[in-house]
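Spelled out from the first residue to the last, the chains are:
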Amino acid sequence: MIDFKKRLANKKVGKETDPIKLYDTLDRAVDKGPLRPSQLSVLKEWHASHQNTRDVIVKLHTGQGKTLIGLLMLQSRLNAGQGPAVYLCPNNFLIDQTRDQAEQFGIATSQADPDLPEAFLNSEKILVTSVQKLFNGLTKFGLNRKSIKVGSLLMDDAHACSDAIRDACKIRIPNTEQAYASLKTLFAAELEQQGVGTYADIGNDKRDAFLPVPYWAWMQHETEVASILSATSDKQSVKYAWPLIKDILGHCQCVFSGVALEIEPYIPPLHAFGSYWDAPHRVFMSATVTDDAFLVKGLQLSPDVIVNPLHYSKERWSGEKMVLLPSLIHEDLERGEIVHAFGTSNPKRRLYGRVALTSSFQRTKDWETYGAIVANKDNVAEVIELLRQGEYERTVVLVNRYDGIDLPDAMCRLLIFDGRPFSESLVDLYQEMCRPNSEATLMRTVRSIEQGMGRSVRGEKDYSVILITGADITRLVRDKESRRFLSPQMSAQIEIGLEIAEMAKQEVEEGEKPLNALLNLIGQCIKRDDDWKAYYVEQMDKVKPVGANEHILRTYATELAAEQAYIAGDYAGASDALQALIDKGKLDREDSAWYLQEMARYQYRANRTESQRLQVAAHGKNRLLLKPPSGVTVTKLKIVSQGRTERIKKWVRQYDNYAQLDVVVSDIASSLVFGTKADKFEQAMDDLSRALGFAGERPDKEWKEGPDNLWALSDKQYIIWECKSEVDIHRAEINKREAEQMNRSSAWFDKHYAGMDVRRFIIHPAYVVESAAAFTHDVQAVRESELKRFVKAIKGFFKSFENQDFKDLSEAHIQKLLDSHRLSVTHLQDDYCKKLKDKKN
């Protein structure tokens, strides 16, 4: 073997640590050219100022080569003797993709299959693996003092990794396992106190019924919980998280649903993962469309890291998205029409893929009816591979997969966003129920929307049409309050979509068929119409970048600091931190109440009297929070003194124009149909009470007893609503259990509203009462036909405002509209109901 060292004129060959120079030494594939300007900019700044900084966020547009940047950073650190180095991916798709890219660029990598390779441990190669491989209770990286030391750690798609870490620290036990039954029995009394009806639904395996275990009951029974979980710690549902939380159960929360329970720490125990917690250099990759404030709590990063990311300042936007809201073009283009038009299979060979993103498998049934293929956990890899190979005949439906699956170029030129995303976490669902309009809830939802809309545009030259369908999500993206949480790029794309909708609406008014108008618009993007492209560039060039949301950032930092103080035993300090948030006066009533409940939890161990006071105050501000152990006093629902027409005028004036009003009314109306989930239906009824000038509440949800909905029509007139929206539309009878629910609601009303006039309506497909059932009071049924007439009257009434000046509404005119649409109090009580029929008669 020839010794070339002798030919080097005694020069010592060292390993290159400058990532830009390092790139030039790589044996990369012939089609891999020089680094892009964005890559050069970020790598230069990193090497000059941040290569030894503890934490760094790299924030670039999709398709700007973040993967290569990350690999070069890690290889540079390895060459400098700062190993071992690990590249973490949120899923297996990205592991393979990252290793393929590394090979093409000549960067050596290894994988954990299943053990950690020597090449990684010896700092010879970068380990590319999943975030789940490091973050689990049985991790090969070791826990606490047994953790393997890592010199450099990188998280690709940090938000998805953060979500995966949270899941790894959570125990989810299905109702088929004994531990579920044992824990449910342990907390039965406390759960039932929080909601007798909901607890009954949990007992009947209702998926959407959920209740949190009150923190005081959880702390009191911590020993019993540990015993039950320890006995079942070999189960798949428990074993991976048990080592992480078994000694911090007192700092966990538990929520039951009808199908499972979840136990989750208030903040993930990241300190247990020494390979992450003690790594001297950590890099977090993030897309420009995502607000990184979530990483403060999720990954316990400093706010200063969030506000100072490495980025490429010369490029403000990337990729082309034509965002369309069909229902704003014409009311006929509602969800059912969109599913029919774009879910139908086409035997002719399509030139591009169509993909729908839905929030639940329940929303996939009509897609399947028209021939779409629904991807599940068993076939998703196969379905995506078919798209990659150009099989576009059938529309692909992905369920609750808003990140982690890339659909570039022709794989998806048409993305249908079907419905508002919702979390699958029971803890999140509980929080969303208690604070539906909070910044935390809206940001979480908006983040899912942005991540989902980014699936089909994966590079600066990629393009796609995105259809947003469903009243709930249409309302969300139209709402100014929600849109302020969007990235500047996404916000601009929505604005373009709203302008386009107005243009297309004019075409429809001039005689064009609504669906044709929509198809023509889609064609202009996909067929690369030059005028559309120029218009899009002109609008997007106005985008101005903004930094992280400082208010949200500081709020999350305070929440994290408070929880850390509580874990450390500083209960007063934890409470004081949240009190400072409340004292700033920037929180709404729901958020203020939420923090009071958190403070009550902090005080429980040290000062139970103060804890009780705080919990009573929290529930008084927001009755969806935990009912205090001492019980509550029902506050009578009263209507304000001003007249009904004045209240309607005030409600309408919340909206700047009819288009905004129509989105809200359409959202309410679309929820008031049989088949709608109970919670959504009841919330729509509650919203409707105020839209029609009444006062309303949800006693069963707010007071944990009473009817589903209660309306105050005047200071003496009320309506009790029992809503059975999920009952099979073909059911012929009202059963005993449903009658008993109405009887309990009637008794509750008599107790708290003695002497008041009340009408009792059960919204149910049937009006015949089965033989075993009986009502104790006079009750009328609102069947499908009556409900449809009621909703039609509501839509007609608000349609009358289309050409009205909202600043100059006449109360006399509003009253005339109420009468003409048969929505007066008398009409409401008599026109939309059916007298019950006793089966035995």
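Now for a look at the structure at hand. (Residues numbered from 1 in each chain as written. Predicted model: local features only at pLDDT ≥ 70, side-chain atom pairs only at ≥ 80, totals over all residues. Heavy atoms only, no water.)

## Some remarks on the overall build of the chain
And step 1. Of the regular secondary structure elements, the chain holds 40 helices and 26 strands.
And step 2. Taking 2.2 N^0.38 as the reference for a compact globule, 841 residues should give roughly 28 Å; the C-alpha atoms of the chain span a radius of gyration of 29 Å, in line with that estimate.
And step 3. Taken over the C-alpha atoms alone, the chain extends approximately 110 × 70 × 50 Å along its principal axes.
And step 4. The 841 residues of the chain split such that 56% are buried.
And step 5. Expressed as a percentage of contacts within the chain between residues at least 6 apart in sequence, the contacts between residues at least 24 apart total 75%.
And step 6. Averaging the coordinates of the 114 positive side-chain charges in the chain and doing the same for the 119 negative ones gives two points 1 Å apart. (Helix = DSSP H or I, 4+ residues; strand = E, 2+ residues; numbered from the N terminus. Rg over C-alpha atoms; globule rule 2.2 N^0.38 Å. Buried < 20%, exposed > 50% of the residue type's maximum accessible area, 1.4 Å probe, protein only. Contact = heavy atoms within 4.5 Å. Lys, Arg positive; Asp, Glu negative; His and termini not counted. Charge placed at Lys NZ, Arg CZ, Asp CG, Glu CD.)

## Observations regarding unusual backbone geometry
Most peptide bonds take the trans configuration, and most residues that are not glycine carry a negative phi.
And step 1. In this model, Gly 83 is joined to Pro 84 through a cis peptide bond whose omega is -5°.
And step 2. Looking at the element boundaries, Pro 84 is found in the loop between helix H3 (66–79) and strand S2 (85–89).
And step 3. Cis geometry marks the peptide bond from Asp 113 to Pro 114; its omega dihedral reads -10°.
And step 4. Phi angles above zero are rare outside glycine, and Asn 400 is one such case at about 55°.
And step 5. Within the secondary structure, Asn 400 sits in the loop between strand S15 (396–399) and strand S16 (414–418).

## Points about the sheet that holds strand S11 (residues 310–311)
And step 1. Reading across from one edge, S3-S4-S2-S5-S10-S1-S11 is the order of the 7 strands in this open sheet, with parallel pairing throughout. Strand pairing shows two members of the sheet lacking a second neighbour, strand S3 (109–110) and S11, which therefore form its edges.
And step 2. Pairing between strand S1 (residues 55–60) and S11: 2 bridges, direction parallel. The residue of S11 that forms the bridge with Lys 59 is His 311. (Pairing = 2+ DSSP bridges.)

## Quick notes on the side chain of Gln 603
And step 1. Relative to the elements of secondary structure, Gln 603 occurs in helix H31 (residues 589–604).
And step 2. A relative accessible area of 14% places Gln 603 in the buried class.
And step 3. A polar contact is formed between the side chain of Gln 603 and the side chain of Ser 575, at a distance of 3.3 Å.
And step 4. Those residues in contact with Gln 603 that lie beyond four places of it in its chain are Tyr 571, Ala 572, Ser 575, Arg 608, Glu 610, Ser 611 and Leu 614. (Polar contact = N/O pair within 3.5 Å; in protein donor to acceptor, adjacent residues only side chain to side chain.)

## Overview of the packing of aromatic side chains
And step 1. Scanning all chains against the criterion turns up 30 aromatic pairs.
And step 2. Aromatic side chains Trp 721 and Phe 761 sit 5.2 Å apart centroid to centroid with 50° between the ring planes, which places their arrangement in the tilted category. With Trp 721 in strand S20 (residues 717–723) and Phe 761 in strand S22 (residues 757–763), this residue pair connects regions lying 40 residues apart in the sequence. Across the pair, exposure class does not vary: Trp 721 and Phe 761 are buried alike.
And step 3. Pairing Trp 721 with Phe 790 gives two aromatic rings, centres 6.4 Å apart and planes at 10°, and the pair type is stacked. Taken together, the residues Trp 721 in strand S20 and Phe 790 in helix H38 (residues 784–799) connect sequence positions 69 residues apart.
And step 4. Ring pairs connect the aromatic residues Phe 694, Trp 711, Trp 721, Phe 761, Phe 790 and Tyr 832, which therefore count as one cluster.
And step 5. Between Lys 184 and the ring centre of Tyr 199, over which it is positioned, the NZ or CZ distance is 5.5 Å.
And step 6. We note Lys 834 situated over the ring of Tyr 767; from NZ or CZ to the ring centre the distance is 5.0 Å. (Phe/Tyr/Trp six-rings, centres within 6.5 Å; stacked < 30°, edge-to-face > 60°. Lys NZ or Arg CZ within 6 Å of the ring centre and 35° of its normal.)

## Looking at empty space enclosed by the protein
And step 1. The final tally for this structure, using the stated rule, is 3 cavities of 30 Å³ or more.
And step 2. Estimates place the volume of the largest cavity at around 170 Å³.
And step 3. Along its surface, the largest cavity is lined by 15 residues, and Gln 253, Tyr 266, Tyr 430, Gln 597 and Leu 626 are the ones closest to its centre.
And step 4. Of all the elements in the fold, those that place two or more residues in the lining of the largest cavity are helix H11 (215–220), strand S8 (252–257) and H31.
And step 5. Its residues assigned to classes, the lining of the largest cavity comprises 11 nonpolar, 2 polar and 2 charged. (1 Å grid on protein atoms, 1.4 Å probe; cavity = no way out; pocket = protein on both sides within 12 Å on 5 of 7 lines; lining within 4 Å. Points joined across faces, edges and corners; volume = space filled by probe spheres on them. Nonpolar A, V, L, I, M, F, W, Y, C, P; charged D, E, K, R; others polar.)

## As for the pairing of S22
And step 1. Within S22, 5 of the 7 residues are buried, which leaves it mostly tucked inside the rest of the structure.
And step 2. Of the pairings in the sheet, the one linking S20 to S22 comprises 7 bridges and is parallel in character. Of the residues in S22, the one forming a bridge with Cys 723 is Ile 763.
And step 3. Examined bridge by bridge, S22 and strand S24 (residues 780–782) share 3 bridges and lie parallel to one another. When the sheet's bridge partners are listed, Ile 762 is paired in S24 with Ala 781.

## A look at a negative patch on the surface
And step 1. On the surface, a cluster of negative charge is made up of Glu 502, Glu 507, Glu 509 and Glu 510.
And step 2. Mapping Glu 509 onto the fold places it in helix H26 (residues 488–509).
And step 3. Look at Glu 509 and you get exposed, because its relative accessible area is 62%. (Patch = residues over 30% accessible without salt bridge, like charges linked within 9 Å, V, L, I, M, F, W, Y side chains within 5 Å. Areas by Shrake-Rupley, 256 points an atom, 1.4 Å probe, with all protein chains shown as cover. Salt bridge = Lys/Arg side-chain N within 4 Å of Asp/Glu carboxyl O.)

## Examining the sheet that holds strand S26 (residues 837–838)
And step 1. Judged by pairing direction, the sheet is parallel, and its 3 strands sit side by side in the order S21-S23-S26 without closing on themselves. The sheet is open, and its two edges are formed by strand S21 (733–734) and S26, each paired on a single side.
And step 2. One ladder, built from 2 bridges, connects strand S23 (residues 768–769) with S26; its direction is parallel. Each bridged residue has a counterpart across the sheet, and for Val 769 the counterpart in S26 is Asp 838.

## So, the pattern of salt bridges
And step 1. Applying the stated criterion across every chain yields a total of 47 salt bridges.
And step 2. Note that Asp 406 is salt-bridged to Arg 455, the shortest N-O span being 3.0 Å. Taken together, the residues Asp 406 in the loop between S15 and S16 and Arg 455 in the loop between helix H23 (439–453) and strand S17 (463–469) connect sequence positions 49 residues apart.
And step 3. A salt bridge links Glu 550 to Arg 554; the shortest N-O distance between them is 3.3 Å. With Glu 550 and Arg 554 both in helix H29 (residues 550–567) and 4 residues apart, the pair spans about one turn of that helix.
And step 4. Within the structure, one salt-bridge network assembled from shared partners comprises Arg 166, Glu 264, Asp 428, Glu 432 and Arg 444.

## Some thoughts on the pairing of strand S6 (residues 171–174)
And step 1. Judged by which residues are buried, S6 turns out to be one-sided: Ile 171 and Ile 173 face inward and are buried, whereas Arg 172 and Pro 174, on the alternate face, are not.
And step 2. Two elements, S6 and strand S9 (residues 260–265), share 4 bridges in a ladder whose sense is antiparallel. Within S9, the residue paired with Pro 174 across the bridge is Ala 260.

## A closer look at the packing of H26 against helix H27 (residues 514–526)
Angle between the axes and distance between the axes: these two values describe a pair of packed helices.
And step 1. Where H26 meets H27, the closest approach of the two axes is 9 Å, and the angle between their N-to-C directions is 135°. Between H26 and H27, the angle is such that the two are oblique. Considering the relative orientation of H26 and H27, their crossing is right-handed. Residues Ile 500, Ala 504, Glu 507 and Val 508 of H26 form the contact with H27, whose own contacting residues are Pro 514, Ala 517 and Leu 521.
And step 2. Partitioning the contact of H26 with H27 into residue classes produces 6 nonpolar, no polar and 1 charged. (Axes fitted to C-alpha atoms, helices over the stretch in contact; angles between N-to-C directions. Parallel < 35°, antiparallel > 145°, perpendicular 65-115°, else oblique. Left-handed = near helix turned anticlockwise from the far one by under 90°.)

## With respect to the packing of helix H34 (residues 658–671) against H38
And step 1. As a packed pair, H34 and H38 sit with axes 10 Å apart at the nearest point and diverge in direction by 175°. Between H34 and H38, the angle is such that the two are roughly antiparallel. Here Tyr 658, Leu 661, Val 665 and Ala 669 of H34 lie close against H38, whose contacting residues are Val 791, Lys 795, Phe 798 and Lys 799.
And step 2. In the contact of H34 with H38, the residues fall into 6 nonpolar, no polar and 2 charged.

## Points about the environment of Cys 434
And step 1. If you trace the backbone, Cys 434 turns up in helix H22 (residues 426–434).
And step 2. What makes Cys 434 buried here is its relative accessible area of 0%.
And step 3. Cys 434 sits 79 residues away from Lys 513 along the chain, and the two C-alpha atoms are 43 Å apart.
And step 4. With sequence-adjacent residues up to four places away left out, Cys 434 is seen in contact with Glu 590, Trp 594, Asn 622, Leu 624 and Leu 625.

So, to be careful, I would describe these as geometric facts and stop short of saying anything about function.
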